[in-house]
Amino acid sequence: MTSALPKAALAMLYAAGASLPLPPRARFVDEQIDDLALQGVTLAAPIFEGCRVQRGTFAHCDFSGVRFFHRNQLAGCRFTRADFRNSGLNDTVFRECVFDRCDFRQSRFNECVLDRCTFINCRIVDTDMPAQATTGCRFEGTLKDVRFVAAGAPAQLDADFSRCILDDVSFENCRLDHVVPPRDPRHSYLPDVAVRARRALDALPAAPDDTTTKVLMRRLRRYAQMQGTILNLDNLRCVEDPAVAAALIAALAVA
């Protein structure tokens, strides 16, 4: 689909730094983009294909609707208050990039590689993150309705959440041995949740006759299939019946 759009000259992107307008959906292909500094620029949903961007600084820029294709590589870049809403960050390698107070709502990280990146107080809401390709990253602030998903075989997630609030965040097919959990006391770090759940199931009657225990068993069976999890106990108490939440916390031996 993008081949129908003409390529834009690289000079146009640097000219945007001098407040010259960029045409809508400007398409950059196989470009080496070094030391680009943009501030307060609206980029009008550009398309990047197979580009290499190094040491760029982007402050208060509008990247909304941007599309990345064909394994772009961004290294050592810093984005401050950048707007990435409704963006497709597909098939791109982000290496040692910093995202400070950026807005990623309605954006997708499909098939991205996130290598030693830092996300500081960004708005990351209702999206999937590639667990198998997230290494050495740090998240600060609140993540809401985010799913760290490993495709295929169980993968090791390597991330620091120590300064993070996990609000309805799930970990699917992820081992969490290399994760730094949140310091916030509402969270419980359970890299061994499957072992805990199976031990709790073994202690329950095979055919319980009360509703709370029946629901508890269903929840424990689900946890028994997980590689690991981090529970936000406030979330748990909000979504579960109080009796079920209390029984689940006790069954998993959550401190």
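A short tour of the structure in this document, coming up.

**Side note on the packing of helix α3 (residues 211–223) against helix α5 (residues 242–251)**
Thought 1: Running from amino to carboxyl end, α3 crosses α5 at an angle of 50°, the nearest separation of the two axes being 9 Å. Judged on the interaxial angle alone, α5 and α3 are oblique. Where α3 crosses over α5, the two elements pack in a sense that is right-handed. Contacts between α3 and α5 involve Thr-212, Val-215, Leu-216, Arg-219, Leu-220 and Tyr-223 on the former and, on the latter, Ala-243, Val-244, Ala-247, Leu-248 and Ala-251.
Thought 2: The residue inventory of the contact of α3 with α5, partitioned by class, reads 9 nonpolar, 1 polar and 1 charged.

**Description of the packing of helix α2 (residues 193–202) against α3**
Thought 1: The geometry of α2 relative to α3 is characterised by a closest axis approach of 8 Å and an angle of 145° between their N-to-C directions. Crossing hand, α2 versus α3: left-handed. Facing α2, whose interface residues are Val-193, Ala-194, Ala-197, Ala-200 and Leu-201, α3 presents Met-217, Leu-220, Arg-221 and Tyr-223.
Thought 2: Per-class residue counts for the contact of α2 with α3 are 8 nonpolar, no polar and 1 charged.

**Some words on the sheet that holds strand β1 (residues 27–29)**
Thought 1: In space, the 3 strands of this open sheet follow the order β1-β4-β7, with parallel pairing throughout. In this open sheet, the two strands that pair with only one neighbour each are β1 and β7 (67–69). The average angle at which neighbouring strand axes cross in this sheet is 10°, direction not considered.
Thought 2: With 3 bridges connecting them, β1 and strand β4 (residues 47–49) associate as parallel partners. Each bridged residue has a counterpart across the sheet, and for Val-29 the counterpart in β4 is Glu-49.

**Thoughts on the packing of aromatic side chains**
Thought 1: The full count for this structure, using the stated rule, is 22 aromatic pairs.
Thought 2: Between Phe-139 and Phe-148, the aromatic rings sit 5.8 Å apart at their centres with planes inclined by 85°, giving edge-to-face as the arrangement. Of the two residues examined, Phe-139 and Phe-148, each falls in the buried class.
Thought 3: Judged by centre distance (5.4 Å) and plane angle (20°), the rings of Phe-139 and Phe-161 are stacked. Pair noted here: Phe-139 is in strand β16 (residues 137–149) and Phe-161 is in strand β18 (residues 159–167), with a separation of 22 residues, a long-range link.
Thought 4: Sitting over the ring of Tyr-223, Arg-222 keeps its end group 4.9 Å from the ring centre.

**Here we look at the pattern of salt bridges**
Thought 1: Enumeration according to the criterion identifies 20 salt bridges in this entry.
Thought 2: With a closest N to O distance of 2.9 Å, Arg-101 and Asp-100 form a salt bridge.
Thought 3: Between Arg-105 and Asp-103 there is a salt bridge, and its shortest N-O distance comes to 2.7 Å.
Thought 4: Under the relative-accessibility criterion, Arg-105 is labelled partly exposed at 27%.
Thought 5: Among the charged side chains, a salt-bridge network with shared partners connects Asp-83, Arg-85, Asp-103 and Arg-105.

**Regarding the environment of Ala-251**
Thought 1: By secondary structure assignment, the location of Ala-251 is in helix α5.
Thought 2: Taking the C-alpha atoms as reference points, Ala-251 and Arg-221, separated by 30 residues in sequence, lie 12 Å from one another.
Thought 3: Excluding its chain neighbours within four sequence positions, the residues that come into contact with Ala-251 are Arg-196, Ala-200, Leu-216 and Leu-220.

**What about unusual backbone geometry?**
Thought 1: Positive phi, close to 55°, is recorded for Arg-55, a residue that is not glycine.
Thought 2: Inspection of the secondary structure assignment puts Arg-55 in the loop between β5 (52–54) and β6 (57–59).
Thought 3: On the basis of relative accessibility, which here comes to 42%, the residue Arg-55 falls in the partly exposed class.
Thought 4: The backbone of Asp-168 shows a phi angle near 55°, a positive value even though the residue is not glycine.
Thought 5: Checked against the element boundaries, Asp-168 lands in the loop between β18 and β19 (170–172).

Calculation criteria
- Residues numbered from 1 in each chain as written.
- Predicted model: local features only at pLDDT ≥ 70, side-chain atom pairs only at ≥ 80, totals over all residues.
- Heavy atoms only, no water.
- Axes fitted to C-alpha atoms, helices over the stretch in contact; angles between N-to-C directions.
- Helix = DSSP H or I, 4+ residues; strand = E, 2+ residues; numbered from the N terminus.
- Parallel < 35°, antiparallel > 145°, perpendicular 65-115°, else oblique.
- Left-handed = near helix turned anticlockwise from the far one by under 90°.
- Contact = heavy atoms within 4.5 Å.
- Nonpolar A, V, L, I, M, F, W, Y, C, P; charged D, E, K, R; others polar.
- Pairing = 2+ DSSP bridges.
- Phe/Tyr/Trp six-rings, centres within 6.5 Å; stacked < 30°, edge-to-face > 60°.
- Buried < 20%, exposed > 50% of the residue type's maximum accessible area, 1.4 Å probe, protein only.
- Lys NZ or Arg CZ within 6 Å of the ring centre and 35° of its normal.
- Salt bridge = Lys/Arg side-chain N within 4 Å of Asp/Glu carboxyl O.

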